[in-house]
Amino acid sequence: RERIRGLLCRCSDETATRLRAHGLVARTVTLKLRFADLRYVTRSITSRLPFDSAAAIRALAYPLLDGLLAQHADTVRLAGLSVSRLSDRAATPIQPELELTAAPETAMASKQPVTTPLAATTSAMAATATRMSHSCIAAQEKAERALDGIRSKYGQRSVRLGFYDSEFRDSKNG
């Protein structure tokens, strides 16, 4: 599970970098897994707010992954991530929701009980988004834009997110 999360972290970073480079925002994240028996399973989720940050992509993708792995115990052979419902960032109005800035217990108090796997995934995604304050998201987006500047000057492999650094070190040492 952690190796797949590391892969999705890297994919979300690369995808968000490309979105920002082209001046785009997305609203849908799609996760595709291929299992040992060569069966593909695809799940997607659409956000009310457009996004172009790796943090937002991960906040949507990780609950999808957890839901799929809970339903399918097979070994994962391939994992992929894509975004869709693209629009031009300059032409897309982005207004933060009050729920993102509210305290988690206040924002979650109005949620209905979870009764289905899809509802569980949606609820987990909403809880993750609620826990991330607006200032935290803004700080992560600012950091990601700084990474974009470093990469444009020194190359794509010059710097990367620390979330999957341990996987890189393990593969270099092992």
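Keep in mind that this is a model prediction, so the values were computed, not measured.

Caption draft 1: Region of the structure containing the overall build of the chain. Broken down by element type, the chain carries 7 helices and 4 strands. When its helices and strands are written in sequence order, the chain yields α-β-β-α-β-β-α-α-α-α-α. Out of the 174 residues in the chain, the part that is buried amounts to 36%. For the chain, contacts bridging at least 24 residues in sequence account for 75% of all contacts bridging at least 6. Counting only carbon and sulfur atoms, one obtains 55% of the accessible surface of the chain, whose full area is about 10,300 Å².

Caption draft 2: Summary view of the pattern of salt bridges. In this structure the tally under the stated criterion is 4 salt bridges. Between Asp-66 and Arg-5 there is a salt bridge, with its nearest N and O atoms 2.8 Å apart. One end of the pair, Asp-66, is in helix α2 (residues 54-71); the other, Arg-5, is in helix α1 (residues 2-21), with 61 residues separating them in the sequence. The partly exposed category is assigned to Asp-66, whose relative accessible area is 26%. Put simply, Arg-89 and Asp-52 hold a salt bridge, and the shortest N to O gap is 3.3 Å. Taken together, the residues Arg-89 in the loop between β4 (87-88) and α3 (98-101) and Asp-52 in the loop between β2 (40-51) and α2 connect sequence positions 37 residues apart. A relative accessible area of 32% means that Arg-89 is categorised as partly exposed. Here the residues in one salt-bridge network are Asp-37, Arg-39 and Asp-74, joined through shared partners.

Caption draft 3: Here's a closer look at the environment of Leu-33. Mapped onto the elements, Leu-33 comes out in strand β1 (residues 24-35). C-alpha separation for the pair Leu-33 and Val-76, spaced 43 residues apart in sequence, amounts to 6.6 Å.

Caption draft 4: Fine view of the packing of α1 against α2. Where α1 meets α2, the axes come as close as 9 Å, and the angle between the chain directions of the two elements is 145 degrees. Relative to α2, α1 is oriented so that their crossing is right-handed. The segment α1 lies against α2, with Ile-4, Arg-5, Leu-8, Cys-9, Ser-12, Asp-13, Thr-15, Ala-16, Leu-19 and Arg-20 engaging Ala-54, Ile-57, Arg-58, Tyr-62, Leu-65, Asp-66 and Leu-69. Classifying every residue of the contact of α1 with α2 gives 10 nonpolar, 2 polar and 5 charged.

Parameters and conventions
Residues numbered from 1 in each chain as written. Predicted model: local features only at pLDDT ≥ 70, side-chain atom pairs only at ≥ 80, totals over all residues. Heavy atoms only, no water. Helix = DSSP H or I, 4+ residues; strand = E, 2+ residues; numbered from the N terminus. Buried < 20%, exposed > 50% of the residue type's maximum accessible area, 1.4 Å probe, protein only. Contact = heavy atoms within 4.5 Å. Areas by Shrake-Rupley, 256 points an atom, 1.4 Å probe, with all protein chains shown as cover. Salt bridge = Lys/Arg side-chain N within 4 Å of Asp/Glu carboxyl O. Axes fitted to C-alpha atoms, helices over the stretch in contact; angles between N-to-C directions. Left-handed = near helix turned anticlockwise from the far one by under 90°. Nonpolar A, V, L, I, M, F, W, Y, C, P; charged D, E, K, R; others polar.

Remember, this is a structural readout, not a statement about activity or role.
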